[in-house]
Amino acid sequence: MKKPSKEPISSDDDNPVDLAAEFRDSNIKEVLDKLDLELIGLKPVKTRIRETAALLLVDRLRKKLDLTAGAPSLHMCFTGNPGTGKTTVALRMSEILHRLGYVREGHLVSVTRDDLVGQYIGHTAPKTKEVLKKAMGGVLFIDEAYYLYKPENERDYGAESIEILLQAMENNRDDLVVILAGYKDRMDKFFHSNPGMRSRIAHHIDFPDYGADELVAIAKLMLAAQNYRFSPEGEKAFREYIGLRMKLEHFANARSVRNALDRARLRQANRLFAGAKKNLSRIDLMTIEAEDIRASRVFKEGAVDLDGDEGANEIPSIG
């Protein structure tokens, strides 16, 4: 039997493409650097995003040499607790996809069940389709996606929304990327009950909780962005606060940090207003002192402050 002859792979081997130039021209380094600046820690998440960006960049080069392999599936699932940066990463992912030409506009549309599912017959389809229309050309981020599926309620219309989403995810792969987000255990159950959705998700990224040192660093970044800072004693008090707060209910990582800083700013303003010093310096107006932190119920009663984090895990995650 005659063996098949080996043909040359391609004459394009004489015209190599420049990967470094392609990376530079795409400007995705700017987005990756921005992600590093915006988010403390999250090394495994950032690694996965860089790997995905590399895959897409190489895929684009392959297309230039007619090395087609079908459009890569880009739908994703982000799992983790509230306040771990999921929305921020989704936003940067949308920019990467846009700069590499995988979506037309690169905008992010963030929704929850209430934006997709109607309250009566005939209401769900137009709601879901309207959201999809807004998201076309970009990324649709569905937070706490498992709430779309409520098998215990026979009159629930979430299943209708899921069917429309599945169809859009399959038929518009070249113009829409869907990112589902939520707690890992609940997302696992959701995928088990919805194999069609599971089969369309190619990338699963888990967002770890932050450690105490990372949360203090996040707090300092948040303060700096608003032209505030801790005094040395203020930072020490906040570090103690974080150690206590992490042990209490409804802890929500960076969201809880933001809530704590909002209250600290309120206490600082009241302290300055009530103080004897009437001529305030720039430093006075910028500095969060230990007393602004230690007034929290976390220190006094070992309880969550009433105006911030309670019920945080019942609110759709924003990060």
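Conventions adopted
- Residues numbered from 1 in each chain as written.
- Predicted model: local features only at pLDDT ≥ 70, side-chain atom pairs only at ≥ 80, totals over all residues.
- Heavy atoms only, no water.
- Salt bridge = Lys/Arg side-chain N within 4 Å of Asp/Glu carboxyl O.
- Helix = DSSP H or I, 4+ residues; strand = E, 2+ residues; numbered from the N terminus.
- Buried < 20%, exposed > 50% of the residue type's maximum accessible area, 1.4 Å probe, protein only.
- Pairing = 2+ DSSP bridges.
- Right-handed = clockwise from strand over helix to strand, strands pointing away.
- Polar contact = N/O pair within 3.5 Å; in protein donor to acceptor, adjacent residues only side chain to side chain.
- Contact = heavy atoms within 4.5 Å.
- Expected span 1.5 Å × (residues − 1).
- Arc of directions from axis to C-beta.

Visitor: Give a description of the pattern of salt bridges that names residues and reports values.
Guide: For the structure shown, the criterion picks out 24 salt bridges. With its nearest N and O atoms 3.6 Å apart, the salt bridge here joins glutamate 95 to lysine 34. One end of the pair, glutamate 95, is in helix 4 (residues 86–99); the other, lysine 34, is in helix 2 (residues 28–38), and 61 residues separate them in sequence. With relative accessibility at 27%, the residue lysine 34 sits in the partly exposed group. Here lysine 184 makes a salt bridge to aspartate 188, at a shortest N to O gap of 3.2 Å. You can see lysine 184 and its partner aspartate 188 sitting in helix 8 (residues 184–193), 4 residues apart, about one turn around the helix. The exposure class assigned to lysine 184 is partly exposed, which follows from its relative accessible area of 42%. Overlapping salt bridges, with partners in common, bring together Glu30, Lys34, Glu38, Arg92, Glu95 and Arg99 in one network.

Visitor: Tell me about unusual backbone geometry, and name the residues and values.
Guide: Residue leucine 42 is not a glycine yet carries a positive backbone phi of 55°. Locating leucine 42 in the fold gives a position in the loop between helix 2 and helix 3 (43–64). Not every positive phi belongs to a glycine, and histidine 250 is a case in point at roughly 60°. Position of histidine 250 relative to the elements: it lies in the loop between helix 11 (232–245) and helix 12 (253–274).

Visitor: Summarise the pairing of strand 3 (residues 139–143); cite the residues concerned and give the values.
Guide: Counting buried positions over the 5 residues of strand 3 gives 5, a clear majority of the element. Here strand 3 shows a buried face lined by Val139, Phe141 and Asp143 and a second buried face lined by Leu140 and Ile142. The pairing of strand 2 (residues 108–111) with strand 3 spans 4 bridges and is classified as parallel. Each bridged residue has a counterpart across the sheet, and for valine 109 the counterpart in strand 3 is leucine 140. Judged from the 5 bridges that link them, strand 3 and strand 4 (residues 177–182) form a sheet pairing that is parallel. Across the sheet, the residue bridging to valine 139 is valine 177, located in strand 4. Read from strand 3 through helix 7 (residues 158–171) to strand 4, the crossover connection turns out right-handed.

Visitor: Got a sec to walk through the side chain of glutamate 22? Specific residues and values, please.
Guide: The residue glutamate 22 is located in helix 1 (residues 19–26) in this model. A relative accessible area of 8% places glutamate 22 in the buried class. Of note is the side chain of glutamate 22, whose polar atom sits 2.9 Å from the side chain of arginine 60. The contact partners of glutamate 22, leaving out residues within four places of it in the chain, are Leu57, Arg60, Leu61 and Lys64.

Visitor: With reference to specific residues and values, describe helix 10 (residues 212–225).
Guide: Three or four residues apart is the spacing at which side chains of an α-helix point the same way, because the helix has 3.6 residues per turn. For helix 10, built from 14 residues, the straight-helix expectation of 20 Å at 1.5 Å per residue is met to within 8% by its first-to-last C-alpha distance of 20 Å. Within the span of helix 10, buried status applies to Leu215, Val216, Ile218, Ala219 and Leu223. Along the long axis of helix 10, the arc covered by the buried residues comes to 160°, so they all point the same way. Summarising the geometry of helix 10, the exposed residues directed more than 90 degrees from the buried face are Asp213 and Ala225. Phi turns positive, to about 60°, at asparagine 227, one or two residues after helix 10.

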